Amino acid sequence: MTKNPNISKPVRSFVRREGRMTNAQKKAIEELKDKYGIDGAEKISDGYPFAKGTDIHLEIGFGDGEALMSLAKSNLESGFIGIDPHRPGAGRVLLKIDRDEISNARVIIGDAAELLPSLFQPQSLTRILVLFPDPWPKKRHNKRRLINQTFLGDLADTLKPGGILHIATDWQDYAESIVETLTSISNLKNISKTSDYCSRPSWRPETKYERRGLSLGHQVFDIGSMKNES
């Protein structure tokens, strides 16, 4: 098949680092993916892959799984799904989920920007978290940032009416860009009283990347928005 030269490849918001996988991580993916993974054979909706009617929370870019597992452990009545493209990290998180027997957590290995529309039914999620996505701080790399108008629109589509999208970053220009872009998404409303940033909500765990940013003197920006009821 001849490739169409006019079709450009989508810009990825991450760089793969597969060489760091250990044998234990590889084994975890092979042996635990059926128990704690999602293969995409059936779209996520109406509680699936958990009990019917379960509220589902999605974390995009779960890293070491610290926030994902903390939230799952403290909210046993809800289901938590993490999606991340990095297989070594996914292997570590699968091992931790199995070790701690966290039955309400699931893992998807892949690019959220590519998989979101095909894996999730519209209005299937109660809450979405994007905590400290790669800021790609150099201006020439800004196009690689995950949060853009198209992606925010896809996120809004998967939220239930009244559902929450919560984003946190420690890069001010990225935060400013996110707040500005949110104004173009008609079915998402910034929940800040000043239409910009809010305090870190009590339910959001502090993450490793957040602590690192704070140690470097960075300010943390929490941005919360709600899906319109109508």
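Thresholds applied
- Every residue gets a number counted from 1 within its own chain, in the order that chain's sequence is written.
- Where totals are concerned, whole chains, interfaces and linings use all residues; where local detail is concerned, this predicted model gives features only for residues with pLDDT of at least 70, and gives and counts side-chain atom pairs only at 80 or more.
- Water and hydrogen atoms were dropped before computing side-chain values, which therefore reflect all heavy atoms in the structure.
- Numbered from the N terminus, helices here are DSSP runs of H or I no shorter than four residues, and strands are runs of E no shorter than two.
- Helix span is expected to be 1.5 Å times the residue number reduced by one.
- Accessibility here uses a 1.4 Å probe with only protein chains present; expressed as a share of the type maximum, an area under 20% marks a residue as buried, one over 50% as exposed, and anything in between as partly exposed.
- What makes two residues a contact is simply this: any of their non-hydrogen atoms within 4.5 Å.
- Between any two strands, pairing holds if DSSP finds at least two bridges.
- Only C-alpha atoms enter the line fits that serve as axes; for helices the fit covers just the stretch in contact. Angles between N-to-C directions range over 0 to 180 degrees.
- Here, a salt bridge means any side-chain nitrogen of Lys or Arg that lies within 4 Å of a carboxyl oxygen of Asp or Glu.

## Quick look at the environment of E77
1) Next: By secondary structure assignment, the location of E77 is in the loop between α2 (66-74) and β2 (79-84).
2) Next: For the pair E77 and D55, spaced 22 residues apart in sequence, the C-alpha to C-alpha distance is 7.9 Å.

## Digging into helix α3 (residues 87-99)
Given 3.6 residues to a turn, an α-helix orients residues that are three or four positions apart in the same direction.
1) Next: Taking 1.5 Å per residue, 13 residues should reach 18 Å; α3 reaches 18 Å between its end C-alpha atoms and fits that length.
2) Next: Here α3 has its buried residues at P88, G89, A90, G91, V93, L94 and I97.
3) Next: The secondary structure elements touched by the buried residues of α3 are α1 (23-36), α2 and β3 (105-109).

## A short note on the sheet that holds strand β1 (residues 56-60)
Consider a sheet: its strands pair through backbone hydrogen bonds, and that pairing is either parallel or antiparallel.
1) Next: Spatially, β3-β2-β1-β4-β5-β7-β6 is the arrangement adopted by the seven strands of the open sheet, whose pairing is mixed. If you trace the sheet from one side to the other, it starts and ends with β3 and β6 (188-190), each paired once. Each adjacent strand pair in this sheet contributes to an overall mean axis angle of 20°, direction not counted.
2) Next: Bridge analysis of β6 against strand β7 (residues 221-227) gives three bridges, and the strand direction is antiparallel. What sits directly across from L188, in β7, is K227.
3) Next: Sheet contacts for helix α6 (residues 172-182): β5 (159-169), β6 and β7; angle to β7, the most-contacted strand, approximately 15°.

## Quick word on α2
1) Next: Residues A67, L68, M69, L71 and A72 constitute the buried set of α2.
2) Next: Where α2 is buried, its residues contact β1, β2, α3, β3 and β4 (125-131).

## Regarding the pattern of salt bridges
1) Next: Per the stated rule, a full pass over the model turns up ten salt bridges.
2) Next: Put simply, K160 and D55 hold a salt bridge, and the shortest N to O gap is 3.6 Å. Here K160, found in strand β5, pairs with D55, found in the loop between α1 and β1; they are 105 residues apart in sequence, far enough to count as distant.
3) Next: By relative accessible area, D55 is classed as partly exposed at 34%.
4) Next: A salt bridge links K73 to D100, with the shortest nitrogen-to-oxygen separation between them at 2.9 Å. Placement of K73 in helix α2 and of D100 in the loop between α3 and β3 is noted, with a sequence separation of 27 residues between them.
5) Next: We classify K73 as partly exposed; its relative accessible area is 45%.
6) Next: Salt bridges here are not isolated pairs; linked through shared partners, they connect E66, E206 and R211.

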